Amino acid sequence: MDKSEDLMVIIRHAPHNSNWLREGLDAALVAAAFGQSVRLLFMGQGALALCKEQQAGAPGQKATLPTIDMLEMYEIDQLNVPDQTLEELNIPLASLVNGVTPLSESQVKALFSQPRLIFNF
Amino acid sequence: MDKSEDLMVIIRHAPHNSNWLREGLDAALVAAAFGQSVRLLFMGQGALALCKEQQAGAPGQKATLPTIDMLEMYEIDQLNVPDQTLEELNIPLASLVNGVTPLSESQVKALFSQPRLIFNF
Amino acid sequence: MILHILTTAPLSDAARQAEQAINPGDALLLIEEAVSAALQPDLDCWKQTDYPVFLLEEDLVARGFANAASHHRLATVDIEGFVQLTEQYEQSITWY
Amino acid sequence: MILHILTTAPLSDAARQAEQAINPGDALLLIEEAVSAALQPDLDCWKQTDYPVFLLEEDLVARGFANAASHHRLATVDIEGFVQLTEQYEQSITWY
Amino acid sequence: MDYGLLVMGAPYSQPAPHSALRFAHAILARGHQLAGVFFYHDGVHNASSLMTPPQDELNIREAWKALHEQHGVPLDVCIAAALRRGVVSESEAARHGYTAFNLEAPFELTGLGQLLTLQQRCQRLITFAN
Amino acid sequence: MDYGLLVMGAPYSQPAPHSALRFAHAILARGHQLAGVFFYHDGVHNASSLMTPPQDELNIREAWKALHEQHGVPLDVCIAAALRRGVVSESEAARHGYTAFNLEAPFELTGLGQLLTLQQRCQRLITFAN
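About the thresholds
- Residues numbered from 1 in each chain as written.
- Chains lettered and ligands numbered in written order.
- Predicted model: local features only at pLDDT ≥ 70, side-chain atom pairs only at ≥ 80, totals over all residues.
- Heavy atoms only, no water.
- Patch = residues over 30% accessible without salt bridge, like charges linked within 9 Å, V, L, I, M, F, W, Y side chains within 5 Å.
- Areas by Shrake-Rupley, 256 points an atom, 1.4 Å probe, with all protein chains shown as cover.
- Salt bridge = Lys/Arg side-chain N within 4 Å of Asp/Glu carboxyl O.
- Lys, Arg positive; Asp, Glu negative; His and termini not counted.
- Charge placed at Lys NZ, Arg CZ, Asp CG, Glu CD.
- Helix = DSSP H or I, 4+ residues; strand = E, 2+ residues; numbered from the N terminus.
- Buried < 20%, exposed > 50% of the residue type's maximum accessible area, 1.4 Å probe, protein only.
- Contact = heavy atoms within 4.5 Å.
- Buried area = accessible area lost by both parts, 1.4 Å probe.
- Polar contact = N/O pair within 3.5 Å; in protein donor to acceptor, adjacent residues only side chain to side chain.
- Nonpolar A, V, L, I, M, F, W, Y, C, P; charged D, E, K, R; others polar.
- Axes fitted to C-alpha atoms, helices over the stretch in contact; angles between N-to-C directions.
- Parallel < 35°, antiparallel > 145°, perpendicular 65-115°, else oblique.
- Pairing = 2+ DSSP bridges.
- Phe/Tyr/Trp six-rings, centres within 6.5 Å; stacked < 30°, edge-to-face > 60°.

- Per an unreviewed UniProt entry, chain C is named tRNA 2-thiouridine synthesizing protein B, and its organism is Vreelandella arcis.

- An unreviewed UniProt entry annotates chain A as tRNA 2-thiouridine synthesizing protein C originating from Vreelandella arcis.

What follows is the structure, encoded as structure tokens:
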């Protein structure tokens, strides 16, 4: 948590429910492609985007996992989820993809006390 | 509560937040114009559509009150709000337009035990 | 008898409104975002016995909750079962 | 120092997420649907003293809650005041 | 049985039309009739002929159109909801002096009364909305 | 100060663009500059030239256009979000073999990178979304 990234993108929407998740991840990927360092914070329903068992949805609803897997290629390796979110959704960390770091309440607040750009999706 | 109307329209969205309120009321008005008897149930944020002090909103957001006032002309005189909604939103009945009947928990459930068409907006 | 179709998360406004409307003998079908209820076996809807509650299988699978649902022994229907429920219940209301 | 702009009702997911993010010294501005908080003087956000909370006047008036806000002595800003808040706080986050 | 569907969500942005499409195929597979689909609220965007998803994704307008072609399902779109959201037929375009339009057959602009008619013709009206 | 706005809601369906428009006029009234408006997610519908609200209602596309004409504010629309939702410029229409299009100047289709550029050029980026 020492290094402060240029940009934090907050993802709060679940897969298959809207385009928020996809369009939020797109913003993170484009910023990374522009050379910015990016941290992703998955809050609330957004944490469901990290469930490793998810698949494609109804006709026309693509899977999100391939995009999550692409993050590493773009050197986006800070994937955070508040402890509170894991608790509220009752999802064990083990059901999420690898490389997710859970954060305490004060660690989440600390992320918001550093001056940098934040996009909230 | 003895007479069962042909149609119940449930309004659950507040003014100025979406087109749900307006398009829900339109459905009620069209049904009435087609000769159906209509009951309106305002649940949750939908009850805010009945606040008598409301006005027009930001540019492009028209007031709802003129439509509420039109209901009577279409002989839609059953306007219900659950007690629970009034309590949760902390709005006194006196702050709503005239002619609203609050319903107890069991009266609300009873509305859903009569066979008739229901549109939920 | 009404089939209540819920499309939003368990603690949403729509979920609470559906609860105000549902009568014993009705049924509740959870689809789309609502299937996240599969992760929470302690929710009231799983504990009451007034009406049956079903999760839509295809939406569970898409979101990766199918194993959670079967682990908690929650009832599921597939899309054909959804159609069968609408055959069985004369009315349906979608809560969103 | 961040200006948090909330656009949804007090008990919504977005409202709870904003609460997780807000630090002492930040500010909270309630606009659009969020101004229904004016009806509920018992909400946590009105009782804490870590950060100032404002209601957007124009949205209060449109929804008919202006009298409730003034009755409960809640702080309001008009749209010019909203701009001033964005001048004062270097960053803003919109929660929706 | 005769079914009608009321679709009130925009494709890609909301799951409602995707669920509705899957449900439509399931009722037909069980031997029921689909008497019509009515698009209201943001659902009117399903009819847009300019909708251009990436090539590897399903075009949901085409999927509705196929349902019409294979099963004769009427696809009615609420005119008031559509105009407000920029979904316009050729005749409405002419009426408003536009050179372009983005709704064409088999989608039809129609009044809300059509929804009531559909409901009266069906034993079941199922709503898909978000 | 230089401001940028990110608008992610559809007009009439969501309050975000209405709030954004009011905010835009307020920053100009206080003597600030508006360096640009970026439309993303359902906000792309603000650019639709087929949007036809009832005659007694404000046409929000025209209101954005007036902001451009009076204050030179660039109106950028995310191309990926727009195409998926059926908002298409003349050149994109040609590329996809459409005869119609519904986005024209002063609105411009552009990549998401433009949002990052806008943010770097501004001291304040304010988001309006629902």
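After presenting the structure, the write-up continues.
Examining a negative patch on the surface
Residues and elements named next belong to chain A.
Okay, so step 1: On the surface, a cluster of negative charge is contributed by Asp 69, Glu 72, Glu 75 and Asp 77.
Okay, so step 2: Its place among the elements puts Asp 69 in helix 2 (residues 65-70).
Okay, so step 3: A residue is classified by how much of its surface remains accessible, and Asp 69, at 52% relative accessible area, is exposed.

Looking at the interface of chain A and chain F
Okay, so step 1: Across the boundary between the two partners, chain A contributes 15 residues, which contact 17 residues of chain F.
Okay, so step 2: When chain A packs against chain F, the two sides together hide about 1,300 Å² of surface, and 67% of this comes from carbon and sulfur.
Okay, so step 3: Taken together, the links from chain A to chain F amount to one salt bridge.
Okay, so step 4: In this structure, the salt-bridge partner of F:Arg85 is A:Glu23, at a minimum N-O distance of 2.9 Å.
Okay, so step 5: Where chain A meets chain F, there are four residue pairs in polar contact (both at pLDDT 80 or more).
Okay, so step 6: Taken together, the elements giving at least two residues each to the side of chain A that touches chain F come down to helix 1 (20-33) and strand 5 (117-120) of chain A.
Okay, so step 7: Among the residues forming the side of chain A that touches chain F, the class breakdown is eight nonpolar, four polar and three charged.

Concerning the interface of chain E and chain F
When the parts of a complex come together, some accessible area is lost, and that lost area is often taken as the interface size.
Okay, so step 1: Between chain E and chain F, the contact holds 22 residues from the first and 22 residues from the second.
Okay, so step 2: Summing the contributions of chain E and of chain F, the shared interface buries around 1,900 Å²; its carbon and sulfur component is 54%.
Okay, so step 3: If you sort the residues of chain E by the area they bury against chain F, E:Leu50, E:Thr52 and E:Arg84 come out on top, with a joint share of 37%.
Okay, so step 4: Taken together, the links from chain E to chain F amount to two salt bridges.
Okay, so step 5: Of the charged contacts in the structure, one is a salt bridge between F:Arg84 and E:Glu57, with a shortest N-O distance of 3.1 Å.
Okay, so step 6: Between the two partners, chain E and chain F, sit 10 residue pairs in polar contact (both at pLDDT 80 or more).
Okay, so step 7: When grouped by side-chain class, the residues that make up the side of chain E that touches chain F number 10 nonpolar, eight polar and four charged.

What about the packing of helix 5 (residues 79-88) of chain C against helix 1 (residues 16-29) of chain E?
Two quantities define a packed helix pair, namely the angle between the axes and the distance from one axis to the other.
Okay, so step 1: Between helix 5 of chain C and helix 1 of chain E, whose axes approach to 9 Å, the crossing angle comes to 70°. As judged from the angle between their axes, helix 5 of chain C and helix 1 of chain E are roughly perpendicular. Contacts from C:Ile79, C:Phe82, C:Val83 and C:Thr86 in helix 5 of chain C reach E:Arg22, E:Phe23, E:Ala26 and E:Ile27 in helix 1 of chain E.
Okay, so step 2: Counted by class, the contact of helix 5 of chain C with helix 1 of chain E contains six nonpolar, one polar and one charged residues.

Some points on the sheet that holds strand 3 (residues 53-56) of chain C
Residue and element names in this part refer to chain C.
Okay, so step 1: Pairing in this open sheet of five strands is parallel, and the strands run 4-3-2-1-5 from one edge to the other. The open sheet is flanked by strand 4 (76-77) and strand 5 (91-95), the only strands paired with a single partner.
Okay, so step 2: Relative to strand 4, strand 3 is paired through two bridges, and the arrangement is parallel. Bridge pairing in strand 4 places Leu 56 opposite Val 77.
Okay, so step 3: Packing of helix 1 (residues 13-21) onto the sheet brings it into contact with strand 1 (2-6) and strand 5, and relative to strand 5 it is tilted by some 150°.

Considerations on the packing of aromatic side chains
Two aromatic rings are characterised by how far apart their centres lie and by the angle between their planes.
Okay, so step 1: Per the counting criterion, the structure on display carries 24 aromatic pairs over all chains.
Okay, so step 2: Arranged with centres 6.0 Å apart and planes meeting at 80°, the rings of B:Phe121 and E:Tyr40 form a pair that is edge-to-face. Here B:Phe121, found in the segment after strand 5 (117-120), pairs with E:Tyr40, found in the loop between strand 2 (33-39) and helix 2 (60-71), and the two come from separate chains.
Okay, so step 3: Residue class for B:Phe121 comes out buried when judged on its relative accessible area of 1%.
Okay, so step 4: With centroids separated by 5.2 Å and ring planes inclined at 80°, the aromatic side chains of F:Phe39 and F:Trp64 adopt a geometry described as edge-to-face. Here F:Trp64 lies in helix 2 (residues 60-71) and F:Phe39 lies in strand 2 (residues 33-39), a separation of 25 residues in the sequence.
Okay, so step 5: Taken together, the ring pairs in this structure connect A:Trp20, A:Phe119, A:Phe121, D:Tyr96, F:Phe38 and F:Tyr40 into an aromatic cluster.

A short note on the sheet that holds strand 2 (residues 38-42) of chain B
As a general point, the strands of a sheet are linked pairwise by backbone hydrogen bonds and lie either parallel or antiparallel.
Residues and elements named next belong to chain B.
Okay, so step 1: Taken in spatial order, the five strands make up an open sheet running 4-3-2-1-5, and their pairing is parallel. Whereas interior strands pair on both sides, the edge strands pair on one side only; in this sheet they are strand 4 (100-103) and strand 5. With direction set aside, neighbouring strand axes in the sheet form an average angle of 25°.
Okay, so step 2: In terms of strand pairing, strand 3 (residues 78-82) meets strand 4 through four bridges, oriented parallel. Residue pairing across strands places Pro 82 opposite Leu 103, the latter belonging to strand 4.

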